[in-house]
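Remarks on the overall topology
One-letter residues, chain by chain:
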Amino acid sequence: MMATVQLQPAHGRPLARGEIRLEVDRIACDGFGMCAELLPEIVELDDWGYPIVHSLLPKKLLPMARRAVDVCPVLALRIRQGH
Ligand code: SF4
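Reference entry: report on the structure contained in this document. (Residues numbered from 1 in each chain as written. Predicted model: local features only at pLDDT ≥ 70, side-chain atom pairs only at ≥ 80, totals over all residues.)

1. Some thoughts on the overall build of the protein chain
Rules: Helix and strand definitions follow DSSP, with helices as H or I runs of at least four residues and strands as E runs of at least two, each counted in order from the N terminus. Once C-beta atoms are placed from the backbone, each residue is buried if 20 or more other C-beta atoms lie within 10 Å of its own, exposed if 12 or fewer, and partly exposed for counts between those two. Here the contact rule is simple: place C-beta atoms from the backbone, and any two residues whose C-beta atoms are within 7 Å are in contact.
Tallying secondary structure elements over the protein chain gives two helices and four strands in all. Along the protein chain, helices (α) and strands (β) appear in the sequence β-α-β-β-α-β when read from the amino end. Here the protein chain, with 83 residues, has 19% of them falling under the buried criterion. The long-range fraction of contacts in the protein chain, counting pairs at least 24 apart against all pairs at least 6 apart in sequence, stands at 63%.

See below:
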């Protein structure tokens, strides 16, 4: 059985303590879409193949988000955590 992931909006407010967000540098992003493949739970591609991060990053997806940051070919991804 697959565990459910509680999703919350990704944008529109500062991060509260402990909240984690995957951010995309839209200028640097080339739209290869690897981040959406690695994190389909929170990233989808728009009609042009550019990522839309539609929720905060659940802690359980942090390892996969770190992997996405590492494999992004143009270093356009960053993980930001609220303090
Ligand atoms: S992996 Fe990097 S370059 Fe590719 S779509 Fe995601 S942010 Fe953009």
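There is more to say, and it comes next.
2. Digging into the site of the ligand
Filter applied, for reference: The rule is simple: place the C-beta atom from the backbone, and if it lies within 6 Å of a molecule or strand, the residue is near it. Just so you know the grouping, Ala, Val, Leu, Ile, Met, Phe, Trp, Tyr, Cys and Pro go in nonpolar, Asp, Glu, Lys and Arg go in charged, and all remaining residues, Gly too, go in polar.
Neighbouring the ligand are 14 residues, the closest being Cys29, Phe32, Met34, Cys35 and Cys72. Within the shell around the ligand, the residues separate by chemical class into 11 nonpolar, two polar and one charged.

3. A few points about the nonpolar core
The condition is simple: For the purposes of this analysis, a nonpolar core is taken to be any set of buried Ala, Val, Leu, Ile, Met, Phe, Trp, Tyr and Cys residues that are connected through C-beta atoms within 7 Å.
Cys35, Leu39 and Ala68 are the most contacted members of the largest nonpolar core, which totals 13 residues. Of all elements in the fold, only α1 (34-38) and α2 (62-71) reach the threshold of two or more residues within this core. In terms of residues, this core owes the most to one element, α1, which gives three residues. Once you skip the residues sitting within four places of it in the chain, Cys35 turns out to touch Val43, Pro51, Ala68, Cys72 and Leu77.

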